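What follows is each chain in one-letter form.
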Amino acid sequence: MTAPDFDRIIDRRGTRCSKWDDMQAAYGVSPEDGLAMWVADMDFAPPAAVQAAVQAAADHGVYGYPGANAPYLQAIRWWMATRHGWQIDTDWITTCAGLVNGVAMTLDAYTRPGDGVIVMSPVYHAFARVIRAADRDLVELPLALQDGQYRMDWSAWEGMLKGHERLLILCSPHNPGGRVWSPEELAQVVDFCRRHDLILVSDDIHCDLVMPGAPRHRMVATVVPEIADRLVTLTSATKTFNIAGAHLGNAIIADPDLRARFRHALTARGVSAGMLGMDMVAAAYSPEGAAWVDALMTYLDGNRRIFDAGVNAIPGLRSMPLQATYLSWVDFSGTGMTPAEVTARVEGPARIAANHGPTFGTGGADFLRFNIATPRARITEAVARLQSAFADLQ
């Protein structure tokens, strides 16, 4: 495999790219001189095998209804076994239109309007959006901030439930905090779900994006196999390989009853997968794709070190230690500034578009989330801009 060139600047402006072409409207930051560090996709080309699969489809030139998806399913099975030590049957896999759609389908399959759906906040903002749009009751269990990292606060949470909760969504690894949950923490989640009779939906979309030297990511099913009767695991190759435009994800469900209910929800909504996306995933989940991910994580670790060192050198700023994902969660509370004052500097003189912390729910008010999956020259530039924008604190 030819070594990937993650330093190559790919101009995504004018390509209907949300991350770059929509940031002027969302943040007032021009793509002409701004840095797009908000939407969680990467500014890197995917592995050559993925490009080759797309080219082969284009060369064939007929884009009809897909069938015979055995190579796609076998690729997922191989990836889960070789990368995560999880032995699954292909029959367990149900494909959905991305993981936000997968979350929506679990709400449809396992809850009813008015039911409580639990998240551990702050957490990925799309969860709350989908829960509220489905007329379910969002139940936020605030994570505790201890020694600069998030911890599950079981003693506080036990008294916060109302009794109408039916489902818990776990973000594993955690977005935006970048935590890899330990096997002990995952077992506690399982125990909590059992005691409160909750379906557990584990969103593991960042499972492959673990920093070198960080704790190993574990799938819930490999830690507590007995949870199968109430577990839905959501995975996707799209985050790992930067192919989010394929809008493809998987619900891996071992229990036949849970799986049937999920598939019924998909059928009722007319959801099905596209041929090109399945070709891309089958190519990505391969030895070549695995080598590409290993190189990616080494590169992202270098970005993380540069970004953290630069941000943490600014008095009042603290970047949460990043174990997984490529999303840096920066605490600005030490500046004494209001969130509006912080974003005015980041989006004004620094000309950086970063996700606003309050959108991630309770506990996010003093934070911004920065996407560091971009060529290193941009990381260096972002650090210089932030240090200049907050120079009066130094």
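Residues numbered from 1 in each chain as written. Predicted model: local features only at pLDDT ≥ 70, side-chain atom pairs only at ≥ 80, totals over all residues. Heavy atoms only, no water.

Colleague: Quick one: what's the story with the overall build of the protein chain, residue by residue and with numbers?
Modeller: Each helix and strand in the protein chain was counted, giving 15 helices and 14 strands. The C-alpha atoms of the protein chain give a radius of gyration of 21 Å, which matches the 21 Å a tight globule of 394 residues would have. Here the protein chain holds 394 residues, and 55% of them are scored as buried. Taking contacts inside the protein chain between residues at least 6 apart in sequence as the whole, the part at least 24 apart equals 74%. When the accessible surface of the protein chain is split by element, carbon and sulfur atoms take 51% of a total near 15800 Å². (Helix = DSSP H or I, 4+ residues; strand = E, 2+ residues; numbered from the N terminus. Rg over C-alpha atoms; globule rule 2.2 N^0.38 Å. Buried < 20%, exposed > 50% of the residue type's maximum accessible area, 1.4 Å probe, protein only. Contact = heavy atoms within 4.5 Å. Areas by Shrake-Rupley, 256 points an atom, 1.4 Å probe, with all protein chains shown as cover.)

Colleague: So what's going on with the domain arrangement of the protein chain? Which residues, and what values?
Modeller: If you check the domain split of the protein chain, you get domain 1 (18-47 + 289-389) and domain 2 (62-285). In this structure, domain 1 and domain 2 have C-alpha centres spaced 25 Å apart. Contacts between the two partners involve 36 residues from domain 1, matched on the other side by 35 residues from domain 2. Summed over both partners, the interface of domain 1 with domain 2 buries about 2900 Å², with 59% contributed by carbon and sulfur atoms. Between aspartate 294 and arginine 83 there is a salt bridge, and its shortest N-O distance comes to 3.0 Å. (Domains from an automatic or database assignment. Buried area = accessible area lost by both parts, 1.4 Å probe. Salt bridge = Lys/Arg side-chain N within 4 Å of Asp/Glu carboxyl O.)

Colleague: Describe in detail the sheet that holds strand S1 (residues 35-37), supporting the description with residues and values.
Modeller: The sheet built from five strands is open, its strands ordered S1-S13-S14-S12-S11 with mixed pairing. Since the sheet does not close on itself, it has two edges, and those belong to S1 and strand S11 (318-319), each with one partner. Helix H15 (residues 376-389) contacts S1, strand S13 (352-356) and strand S14 (367-371) of the sheet and is inclined by roughly 100° relative to S1. (Pairing = 2+ DSSP bridges. Axes fitted to C-alpha atoms, helices over the stretch in contact; angles between N-to-C directions.)

Colleague: Describe the sheet that holds strand S9 (residues 231-235), and please don't skip the residues or the numbers.
Modeller: Strands sit in the order S2-S10-S9-S8-S7-S3-S4 across an open sheet of seven strands; the sheet is mixed. In this open sheet, the two edge strands, each paired with only one partner strand, are strand S2 (93-96) and strand S4 (137-142). Strand-to-strand twist across the sheet, computed as the mean angle between neighbouring axes with direction ignored, equals 25°. Sheet topology places strand S7 (residues 165-171) next to strand S8 (residues 199-203); five bridges connect them, and they run parallel. Each bridged residue has a counterpart across the sheet, and for leucine 168 the counterpart in S8 is leucine 200.

Colleague: Pulling in residues and values, what's your account of the packing of aromatic side chains?
Modeller: Tallied over the full model, the rule gives 17 aromatic pairs. The interplanar angle of 45° and the centroid separation of 5.3 Å between the aromatic rings of phenylalanine 6 and tyrosine 299 together place this pair among those described as tilted. With phenylalanine 6 in the segment before helix H1 (18-21) and tyrosine 299 in helix H13 (residues 287-312), the pair connects residues that are 293 residues apart, well separated along the chain. One exposure class covers both phenylalanine 6 and tyrosine 299, and it is buried. Judged by centre distance (4.8 Å) and plane angle (25°), the rings of tryptophan 79 and tyrosine 285 are stacked. Here tyrosine 285 lies in the loop between helix H12 (275-284) and H13 and tryptophan 79 lies in helix H4 (residues 70-84), a separation of 206 residues in the sequence. The pair tryptophan 79 / tyrosine 285 is uniform in exposure class, with both members buried. (Phe/Tyr/Trp six-rings, centres within 6.5 Å; stacked < 30°, edge-to-face > 60°.)

Colleague: Talk me through the nonpolar core; I want residue IDs and the actual numbers.
Modeller: By size, the foremost hydrophobic cluster in this structure holds 92 residues, and its most contacted members are Leu168, Leu170, Phe307, Phe370 and Leu386. Per-element accounting of this core gives the leading share, nine residues, to H13. Both domains that meet at this core, namely domain 1 (18-47 + 289-389) and domain 2 (62-285), each give it at least three residues. Once residues within four sequence positions are removed from consideration, phenylalanine 370 is found in contact with Met37, Phe307, Tyr326, Leu327, Ser328, Val330, Phe332, Val346, Ile352, Ala354 and Leu386. (Core = buried A, V, L, I, M, F, W, Y, C linked by side-chain atoms within 4.5 Å.)

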